[in-house]
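# Structural characterization, general
Here's the letter readout for the chains.
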Amino acid sequence: VKGSRIALSDVGVAATACKAAIQGGVLNVYINTKLMKNRENAKQTDSRAQEICEEYIQRCDAVYKTVEENLRCN
């Protein structure tokens, strides 16, 4: 881990906030695609949103875990 150890907890908080933003954004996509008349496009959009969600939540979780491991007393 590079950088100031003092700011490390800020990185963990940012990863958590990012995860929440991704999840909230995906829910927003889902509520809007329910209203779309073009059902095929709605399904594709839902699928892409889910892919993005899965990929980036894994990244956020990995960052958080790394931060947590570096901050805990060993």
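Right above here is the structure, for reference.
Report follows, based on the coordinates. Predicted, not measured: the structure shown is a model, and the values here were computed from it. (Residues numbered from 1 in each chain as written. Predicted model: local features only at pLDDT ≥ 70, side-chain atom pairs only at ≥ 80, totals over all residues. Heavy atoms only, no water.)

Here the focus is the packing of helix α1 (residues 8–33) against helix α2 (residues 39–71). At a minimum axis separation of 9 Å, α1 and α2 run at an interaxial angle of 165°. For the element pair α1 / α2, the angle class is roughly antiparallel. The way α1 lies across α2 gives a crossing that is left-handed. Among the residues forming the contact of α1 with α2, the class breakdown is 18 nonpolar, eight polar and four charged. (Axes fitted to C-alpha atoms, helices over the stretch in contact; angles between N-to-C directions. Helix = DSSP H or I, 4+ residues; strand = E, 2+ residues; numbered from the N terminus. Parallel < 35°, antiparallel > 145°, perpendicular 65-115°, else oblique. Left-handed = near helix turned anticlockwise from the far one by under 90°. Nonpolar A, V, L, I, M, F, W, Y, C, P; charged D, E, K, R; others polar.)

What follows covers α1. Here α1 contains 26 residues, and its C-alpha end-to-end distance of 38 Å stays within 8% of the 38 Å for a straight helix at 1.5 Å per residue. In this structure, the buried side of α1 is in contact with α2. (Expected span 1.5 Å × (residues − 1). Contact = heavy atoms within 4.5 Å.)

Here Thr33 shows up in helix α1. Engagement of the side chain of Thr33 in a polar contact is seen with the side chain of Asp46, the distance being 2.5 Å. Contact partners of Thr33, with chain neighbours within four places excluded, come to Arg39, Ala42, Thr45 and Asp46. (Polar contact = N/O pair within 3.5 Å; in protein donor to acceptor, adjacent residues only side chain to side chain.)

Side chains that differ in sign of charge can pair as their charged atoms come close. Taken as a whole and assessed by the stated rule, the structure comprises three salt bridges. Note that Arg48 is salt-bridged to Glu51, the shortest N-O span being 3.3 Å. On the criterion of helical spacing, the pair formed by Arg48 and Glu51 is a turn pair, its members being three residues apart in helix α2. Take Arg48: its relative accessible area is 47%, and that puts it in the partly exposed class. (Salt bridge = Lys/Arg side-chain N within 4 Å of Asp/Glu carboxyl O. Buried < 20%, exposed > 50% of the residue type's maximum accessible area, 1.4 Å probe, protein only.)

Between its terminal C-alpha atoms α2 stretches 47 Å, which fits the 48 Å expected from 33 residues at 1.5 Å a residue. Here α2 has its buried residues at Ala42, Ala49, Cys53, Ile57, Cys60 and Val67. A distance of 3.2 Å separates the backbone nitrogen of Glu40 from a side-chain oxygen at the start of α2, and that oxygen is part of Asn38.

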